[in-house]
Amino acid sequence: MEYQFIKDPIIGFRVKMSDEHMLVGRWLNEELAFEQVAMLLETARDLPNSKQAVVVEGKEIRLTLSHEEALFESHALFHQSDDISMYADDALELDEHGLASGCGYEDFMELLQAWHQFINRS
């Protein structure tokens, strides 16, 4: 997983991720408050012992974290009530590219620990 941390004087701390993990970067930038990082790290460290998954519901992205993987899913994937058939003449369809992303547990822990160090260093 490729990423770069940025401290912008105008918008603050940001992470830039590779295309396949763009949703993970969006989750870090927009969904995870700085105050929650340490608590999530603590919870995530206990996962290998508990074997249970933790679900973190954000405004637009859901994180499902298990002892094996971190799965990020955009809430747009779960909008069943939107009837897009009435737009059939417009040839519209849901582009699922970028609406789900995942990584292994170890990779996620490395990213989260590095993010925690970066935002608390400055």
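For clarity, every value in this text was computed on a predicted model and none was experimentally measured. (Residues numbered from 1 in each chain as written. Predicted model: local features only at pLDDT ≥ 70, side-chain atom pairs only at ≥ 80, totals over all residues. Heavy atoms only, no water.)

**Description of the side chain of glutamate 31**
Turning to its location among the elements, glutamate 31 is positioned in helix H1 (residues 22–31). Of the side chains bearing the opposite charge, arginine 26 lies closest to the buried glutamate 31, which forms no salt bridge; the N-O distance is 5.5 Å. Of note is the side chain of glutamate 31, whose polar atom sits 2.8 Å from the backbone nitrogen of glutamate 60. Discounting residues that sit within four places of it in the chain, glutamate 31 has contacts with Arg26, Gln36, Gly58, Lys59, Glu60 and Ile61. (Helix = DSSP H or I, 4+ residues; strand = E, 2+ residues; numbered from the N terminus. Buried < 20%, exposed > 50% of the residue type's maximum accessible area, 1.4 Å probe, protein only. Lys, Arg positive; Asp, Glu negative; His and termini not counted. Salt bridge = Lys/Arg side-chain N within 4 Å of Asp/Glu carboxyl O. Polar contact = N/O pair within 3.5 Å; in protein donor to acceptor, adjacent residues only side chain to side chain. Contact = heavy atoms within 4.5 Å.)

**Section: the environment of histidine 67**
Take histidine 67: it is sitting in the loop between strand E4 (61–65) and strand E5 (69–74). Here histidine 67 falls in the partly exposed class, since its relative accessible area comes to 25%. A C-alpha to C-alpha distance of 8.7 Å links histidine 67 and aspartate 46, two positions 21 residues apart in sequence. Excluding anything up to four places from it in sequence, histidine 67 contacts Leu47, Pro48, Lys51 and Tyr105.

**Overview of the sheet that holds strand E3 (residues 54–57)**
Pairing is antiparallel in the open sheet, where four strands are placed in the order E3-E4-E5-E6. Edge positions in the sheet fall to E3 and strand E6 (100–104), since each has one partner strand and no second. Direction aside, neighbouring strands of the sheet carry axes that sit 15° apart on average. Where E3 lies against E4, four bridges are found, and the strand directions are antiparallel. Paired with glutamate 57 across the strands is arginine 62, a residue of E4. Relative to E6, helix H4 (residues 105–121) is tilted by about 95°, and along the sheet it contacts E4, E5 and E6. (Pairing = 2+ DSSP bridges. Axes fitted to C-alpha atoms, helices over the stretch in contact; angles between N-to-C directions.)

**Points about the nonpolar core**
Grouped together as the largest cluster of nonpolar side chains are 28 residues, with contacts concentrated most on Trp27, Phe72, Phe108 and Trp115. Within the residue set of this core, elements represented by two or more residues are strand E2 (12–17), H1, helix H2 (34–45), E4, E5 and H4. Looking at this core, the element that brings in the most residues is H4, giving eight residues. Among all residues touching phenylalanine 72, those that are not within four sequence positions of it are Leu23, Val24, Trp27, Ile61, Arg62, Leu63, Leu99, Ala100, Ser101 and Phe108. (Core = buried A, V, L, I, M, F, W, Y, C linked by side-chain atoms within 4.5 Å.)

**A short note on the confidence of the model for the chain**
Across the chain, the average pLDDT comes to 86, with 81% of residues at 70 or higher. Of all secondary-structure elements in the chain, the lowest mean pLDDT belongs to helix H3 (residues 47–50), at 88, while H4 reaches the highest, 96. (pLDDT = per-residue confidence, 0-100.)

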